[in-house]
Amino acid sequence: VQRYLALRLLHALLVVWVVATATFTLLVLSPGGPELLLDPSMSAEDRATLTHNLGLDQPVYVQYARWLVGVAHLDLGRSFGTRQPVATVIFERLPATALLGLASLALALGVAVPAGILAARRQGSWLDRGLMFASLVGLSIPSFWLAIVLILVGAVTLRALPSGGMVTPGEPFSVGDLVKHLLLPTIVLALLTMAELAKYTRSSVLGVLRRDYVRTARGKGLPERTILLRHTLRNALVPVVTVIGLLLPRLVGGAVVTETVFSWPGVGRLSVMAAFQRDYPVVMGVTLMVSVVVVLSSLLVDVLYAYLDPRIRLG
Amino acid sequence: VSLPEHQPFPTTGIRLTRRGLLLTLSASLVAACTPTTPSAGGSATAVPGAPAPTARATAASGANVSTGGTLRLPISIDPIPLNGVISNELSSLLVRRVLFSYLTRVDPATKQAVPDLATKWDVSADGLTWTFTLRNDVKWHDGQPFSADDVKFTFDQILDPANSSVERSNYLDVSEVVAVDPRMVRFQMKNPLMSLPIITGATVGILPKHLLQGKPLRDATEFNNVMPIGTGPFKMKSITSGSDVQLVANEAFYRGRPKLDAVIFKIVPDSNVVLAQLKSGELDFATVEAGDLAAVQNDPNLVLKEYPAPEWWYYVVNEKNSLFSDKRVRQALVYGLDRDAILKAAALNHGVSMTATIPSALSDWYDASLKPYPFDVAKAKSLLSDAGWMPGSDSVLQKAGQKFSFKISLDNTSAARKQMAVLAQQYWKTLGLDPTIDELSRTVWAQNMTNRTIDISVANTPSSWDPDTQRRFYLSNAGSNFGQYSNPDADKLLNAGVAETDTSKRKSIYVQYQQLVYDDVNAIAGYYPNELRITAKKLQGLPDLPIRDVMTYMDQWYFQG
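Peer 1: Outline the nonpolar core, listing residues and values.
Peer 2: Soluble globular proteins tend to bury their nonpolar side chains together. The biggest cluster of nonpolar side chains holds 148 residues, and the ones touching the most others in it are F187, F265, W428 and W557 of chain B. The element best represented in this core is helix α13 (residues 415-430) of chain B, accounting for seven residues. Apart from the residues within four sequence positions on either side, W428 of chain B is in contact with Y315, L333, L337, F406, I408, L433, P435, I456 and I524 of chain B. L37, V71 and L270 of chain A together with V166 of chain B belong to the second largest nonpolar core, which has 32 residues in total.

The structure is reproduced here in structure tokens:
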């Protein structure tokens, strides 16, 4: 198992390097340049000074090598715009994104898994059809639209919920206030995941319910409850774990649209702004962090697999 | 994405009752608390949901009508760095307008420079020496006294090429700034710069020497990113990345304590959400695009104010491109546009048609005798044929085997600019020209402008309140002369205008300039827009000035009712 893990980690490192290099190449190739240098009122001389200070007058391969060396020393560089260390900028935003991500994952799981099981148990019933129709709707609603509608209803019409931000600025922190702010973006972000997960859970449970050992258990006269909890779920949830694992990167990468519409101070919004302003170090930093989390979470999924299903061997 | 034109959800009933209830509740709560709550510093928003209980309570008790409350207004990104020498990004600028003070500010009525940190200023007869006398009652937010050394320090930072200051190009005519005594600063000039009082009021808040001397200006310092110290009416309380910037009243402000207790700049990146938050009462102030007006216009709790903005919306025309080097061709391009239709489509008629490049908002300088070019297709066509352009076999105009084909460039971030491009394309096609639209991302577009690789480009440019802004855009080889306009007579007038110390002579010089470039077409006219300001009904005390200038009067803003 150790050998397997070591190999996988090496593999992961390679993937991260490829992603980072590809991002760097794209940034260099894309037309336009850092917004900081595009101020038309700046004289050519001042522009040259600034370009030099940012290290952008170096050949591309030097810039690339410098960045790689920096990363090897755990230094992601500094933001062009604010001059803050990129790691600081990202970690400032990470808690907000993680909170929103976890809340929406919890909401999605809490609704989708029971709904999926219920739909599978009553396959073909009105309940099943209703749930599956609802999940189809959930998959099709564009999140920016839903977000605006929720803001109009919740904040403008009912004036019950705030329309953006994480806390009410200027007021002492309270959990109630945080939850109020969290509610709408969590719903928007959870909806898509919820719909996907419900469909996965349903089909997975259905698949297991048709298996021989379930029929045997029924033949033995075991109560449905026991069959479901002891024989079906553990097997049925293995593929669901995969889906959850693939959703994990959202917890750190943020949801670009949701965070922007709800003024949520997270990483997703940070990365969009950085991309617009061509703040190269921040774009590279976020990409690097997200790709690390992606490979680590897929590794985690594989390990969990082996734990949940002893037939699967690592190595 | 924009909100539907009419309000999709009924908003009466519930809201009125809720508000009524909250109002009564908060008023009585605050009234009950008042004796034990210290009034200074103002924890005014103790009751959630009631934005300005103090103001309401005091209003009810009939005492000082106008003290207290927290103002909330939007910015779009983190306003960092909060240092005017190295940033002129709008979010940062708006926050700095209230944190820092400037030597001058703009008078709402005359649009002339009036005292702020400086109490008066004089210029020598040759225009080469400016003397500013400073207030003697100004303290930094940390309690240290403000003096002429701070002014000198700030301008030294701007002028030091090593800082690559964004403001340096404004002060290239300054050779040296001297602190004559603690209350007097002298600007020694290389060339006369009559716009200096206006420019200094618009561009740079004075920085504290005692905190910044000898420190690297561009780094992510505590001062730039966390706790800037100014002399303005409000001082920094906290910055939360991606969320908000909170300021509190500066009790020791030199014009007296501001009427508001606190100001919160909320970072709201999506303009639809700014509209929603205005409607829901989560924001008290914002400027909006004409296209968004319908969403907020009829709300009983909001007030719309509009006034001419010192700005011109136009088409940059590259006069080094052989297609456009002939004046008659440029005139034809203006005659060929139905600019009433363009004003209607792009600005929903919130503005007026443009004549020359000095905006009508600069009413002291604007030549009102000029009339916008009329929409006259026949005249446009005859001018083009006078210039030698004849229809080819495909009915596109040609001259010496060259087709009249060109690109209309624009950036993809504004619906109004898109309207301008699309309409111009249609109108110019009817003249027999062959324009194509080239819609670019903002950074690419800006780079093309800087490199002068455009044919025609949609643009809008804010002016200072002094017509000298023209020099930066239309003097031969000027930094922002994107159309590479070059006319020795215009150069002469622009250079004379900035050097003339007699105001009435200055005016006649700029009138001549406007008549010259109106005829010579230094830019293809669009319109002068109005700025559209939405405020909460209870917010009062704002002079009719555009957002950058109205901020310098924030010490007088207050909530009522």
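Peer 1: Got a sec to walk through the packing of helix α7 (residues 175-209) of chain A against helix α9 (residues 224-247) of chain A? Specific residues and values, please.
Peer 2: All names here are of chain A. The geometry of α7 relative to α9 is characterised by a closest axis approach of 8 Å and an angle of 150 degrees between their N-to-C directions. Classed by the angle they form, the pair α7 and α9 counts as roughly antiparallel. Where α7 crosses over α9, the handedness of that crossing is right-handed. Facing α7, whose interface residues are T193, E196, L197, Y200, T201, S204, V205, V208 and L209, α9 presents H231, T232, L233, N235, A236, L237, P239, V240, V243, I244 and L247. Class assignment of the residues belonging to the contact of α7 with α9 gives a composition of 13 nonpolar, six polar and one charged.

Peer 1: I'd like a description of the pattern of salt bridges, backed by residues and values.
Peer 2: Evaluation of the coordinates by the stated rule reveals 31 salt bridges over all chains. The residue D261 of chain B makes a salt bridge to R257 of chain B at a minimum N-O spacing of 2.8 Å. Several salt bridges converge on common partners, so that one network encompasses E45 and D46 of chain A together with R168 of chain B.

Peer 1: An account of the sheet that holds strand β15 (residues 390-391) of chain B is needed here, citing residue identities and associated values.
Peer 2: Residues and elements named next belong to chain B. One open sheet accounts for three strands, arranged β15-β16-β17; its pairing is antiparallel. Whereas interior strands pair on both sides, the edge strands pair on one side only; in this sheet they are β15 and β17 (402-403). Examined bridge by bridge, β15 and strand β16 (residues 397-399) share two bridges and lie antiparallel to one another. Residue pairing in the sheet places M390 in a bridge with Q398 of β16.

Thresholds, definitions, all that
Residues numbered from 1 in each chain as written. Chains lettered and ligands numbered in written order. Predicted model: local features only at pLDDT ≥ 70, side-chain atom pairs only at ≥ 80, totals over all residues. Heavy atoms only, no water. Core = buried A, V, L, I, M, F, W, Y, C linked by side-chain atoms within 4.5 Å. Buried < 20%, exposed > 50% of the residue type's maximum accessible area, 1.4 Å probe, protein only. Helix = DSSP H or I, 4+ residues; strand = E, 2+ residues; numbered from the N terminus. Contact = heavy atoms within 4.5 Å. Axes fitted to C-alpha atoms, helices over the stretch in contact; angles between N-to-C directions. Parallel < 35°, antiparallel > 145°, perpendicular 65-115°, else oblique. Left-handed = near helix turned anticlockwise from the far one by under 90°. Nonpolar A, V, L, I, M, F, W, Y, C, P; charged D, E, K, R; others polar. Salt bridge = Lys/Arg side-chain N within 4 Å of Asp/Glu carboxyl O. Pairing = 2+ DSSP bridges.

Keep in mind these values describe shape, not function.
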